[in-house]
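Report on the structure
Spelled out, the chains give:
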Amino acid sequence: MPRSALAARAASYYELTKPGIAGFVTILAGVSFYVGARGRPDLIAVLHTLFGTALATAGALALNQYAERDLDARMARTRTRPLPSGRMEPREALAFGALLLAVGVGYLAATVGWLPSALTALSAAAYLLAYTPLKSRTYLATLVGAFPGAFPALIGWTAATGRIELGAMVLFGIAFLWQLPHVLALAWLLREDYARVGFFLTPPTDPTGARIGRHMVYHSVSLLVLSAFPSLLGITGALYLAGAMALGLATLALSSVAAARMTAARARRVFLFSLLYQPLLMGLLLIDTVRS
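What comes next is a walk through the structure. In this text, all values refer to a predicted model and were calculated from it rather than measured experimentally.

1. Notes on the overall build of the protein
Within the protein one finds 13 helices and zero strands. Mapped in sequence order, the helices and strands of the protein form the string α-α-α-α-α-α-α-α-α-α-α-α-α. Compactness check: the protein gives a C-alpha radius of gyration of 19 Å against a globular reference of 19 Å for 292 residues, within 12% of the reference. With the C-alpha coordinates aligned to their principal axes, the bounding extent of the protein is approximately 55 × 50 × 30 Å.

Encoded structure:
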């Protein structure tokens, strides 16, 4: 096979893993490990956690594209993906995704313990067996889909400590709540594409966006409150608290503006700020974790 063809095939496999999402998930697990270790992580264990999480996440994302390949072919934003575009055969994607997921889960079990491995498997199951089929059945899929996105907080913490603690649940909750304004804003922007394939990521009885606007505000308020808890529990200090409050208030303000009258521009502002929120919050966690 010519070198150019090999490069194109490798690029298709890489695209199948949704590297942006996989990278975010992996970083979240690493930050949670660091916080769980109270700022004194075992570097080798961190690397094991990052590698296993990245493999398993990439596998789950590839399997999602396999499961939704026919629907992806009907949406403008996804029709150029490797499967609907015909650059890859479905059986290749299935084998590739299953192999990555199995190796990732097994690697975590062998290197950092059964609990983070089990949580990784549970996250993949929630994503593939609950969220993926529910998208075409109920608006509640939005809530269900936020669970696998928050599991890395538990995976990283348990890899560091061997158990689920209150701090781990707080980070899980923050990661869960952050996703909701993010996903709802994106769902509003892509509502026509989603409607084309029958995805209920926005309520079908909410043509003006008033309902999802209210939900964005509710979730933003909850995020604002919960994001203070790492400092209230003594896990982080005053710098984290000040930064988290500023980020939370900005999220709430943007969500409130969107809720007052949902437009594409206002939803896009919520979405774009949400892309900044999580890495900034994770940076605050890294900077201001109280060492013990």
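Moving on, there is more to tell.
2. Re unusual backbone geometry
Phi angles above zero are rare outside glycine, and lysine 18 is one such case at about 45°. Tracing the backbone shows lysine 18 in the loop between α1 (3-16) and α2 (19-36). Here lysine 18 falls in the buried class, since its relative accessible area comes to 16%. Positive phi, close to 55°, is recorded for arginine 38, a residue that is not glycine. As for its position among the elements, arginine 38 is in the loop between α2 and α3 (43-67).

3. Points about the environment of alanine 238
Mapped onto the elements of the fold, alanine 238 is located in helix α12 (residues 238-260). Once the C-alpha coordinates of alanine 238 and glutamate 165 are considered, the two residues, 73 residues apart in sequence, prove to be 22 Å apart.

4. Observations concerning the nonpolar core
Counting residues in hydrophobic clusters, the biggest one holds 33 residues, and the most contacted among them are Val35, Leu171, Ile174, Tyr240, Tyr277 and Leu281. For this core, the secondary-structure elements that each account for two or more residues are α2, α6 (114-134), α7 (141-161), α8 (166-189), α12 and α13 (264-288). A total of ten residues in this core trace back to one element, the largest contributor, which is α8. Beyond its immediate stretch of four places on either side in the chain, isoleucine 174 contacts Leu223, Leu226, Ser227, Pro230, Tyr240 and Leu281.

5. Details of the pattern of salt bridges
Enumeration over the complete set of coordinates arrives at six salt bridges. With its nearest N and O atoms 3.2 Å apart, the salt bridge here joins aspartate 72 to arginine 81. Here arginine 163 makes a salt bridge to glutamate 165, at a shortest N to O gap of 2.8 Å. Overall, the relative accessible area of 47% leaves arginine 163 in the partly exposed class.

6. A look at the packing of α8 against α13
In the contact formed by α8 and α13, the axes pass within 7 Å of each other and the chain directions differ by 160°. Classified by the angle between their axes, α8 and α13 sit roughly antiparallel to one another. Pair α8 / α13 crosses with left-handed handedness. Of α13, the residues touching α8 (which contributes Leu171, Ile174, Ala175, Trp178, Pro181, His182, Ala185, Leu186, Trp188 and Leu189) are Ala264, Ala267, Arg268, Val270, Phe271, Ser274, Leu275, Tyr277, Gln278, Leu281 and Leu285.

7. Topic: the packing of α2 against α7
Where α2 contacts α7, the axes come no closer than 7 Å and their chain directions differ by 40°. The pairing of α2 with α7 is recorded here as oblique in orientation. α2 and α7 meet at a crossing whose hand is right-handed. For the pair α2 and α7, the contacting residues are Val25, Leu28, Ala29, Ser32, Phe33, Val35 and Gly36 in the first and Gly149, Pro152, Ala153, Gly156, Trp157, Ala159, Ala160 and Thr161 in the second. Here the contact of α2 with α7 is built from residues that sort into ten nonpolar, five polar and no charged.

8. Structural notes on α2
Since the α-helix turns once every 3.6 residues, residues separated by three or four places project in the same direction. Taking 1.5 Å of rise per residue, the 18 residues of α2 would be expected to cover 26 Å, and the 25 Å separating its terminal C-alpha atoms lies within 8% of that figure. For α2, every residue scored as buried is listed here: Ala22, Val25, Thr26, Leu28, Ala29, Gly30, Val31, Ser32, Phe33, Tyr34, Val35 and Gly36. Lining the buried residues of α2 we find α3, α7, α8 and α13. Just downstream of α2 lies arginine 38, where phi reads positive at about 55°.

9. Section: the side chain of threonine 26
Tracing the backbone through its elements, the reader meets threonine 26 in helix α2. If sequence neighbours within four positions are ignored, threonine 26 has contacts with Leu50, Thr53 and Ala54.

Parameters at a glance
Residues numbered from 1 in each chain as written. Predicted model: local features only at pLDDT ≥ 70, side-chain atom pairs only at ≥ 80, totals over all residues. Heavy atoms only, no water. Helix = DSSP H or I, 4+ residues; strand = E, 2+ residues; numbered from the N terminus. Rg over C-alpha atoms; globule rule 2.2 N^0.38 Å. Buried < 20%, exposed > 50% of the residue type's maximum accessible area, 1.4 Å probe, protein only. Core = buried A, V, L, I, M, F, W, Y, C linked by side-chain atoms within 4.5 Å. Contact = heavy atoms within 4.5 Å. Salt bridge = Lys/Arg side-chain N within 4 Å of Asp/Glu carboxyl O. Axes fitted to C-alpha atoms, helices over the stretch in contact; angles between N-to-C directions. Parallel < 35°, antiparallel > 145°, perpendicular 65-115°, else oblique. Left-handed = near helix turned anticlockwise from the far one by under 90°. Nonpolar A, V, L, I, M, F, W, Y, C, P; charged D, E, K, R; others polar. Expected span 1.5 Å × (residues − 1).

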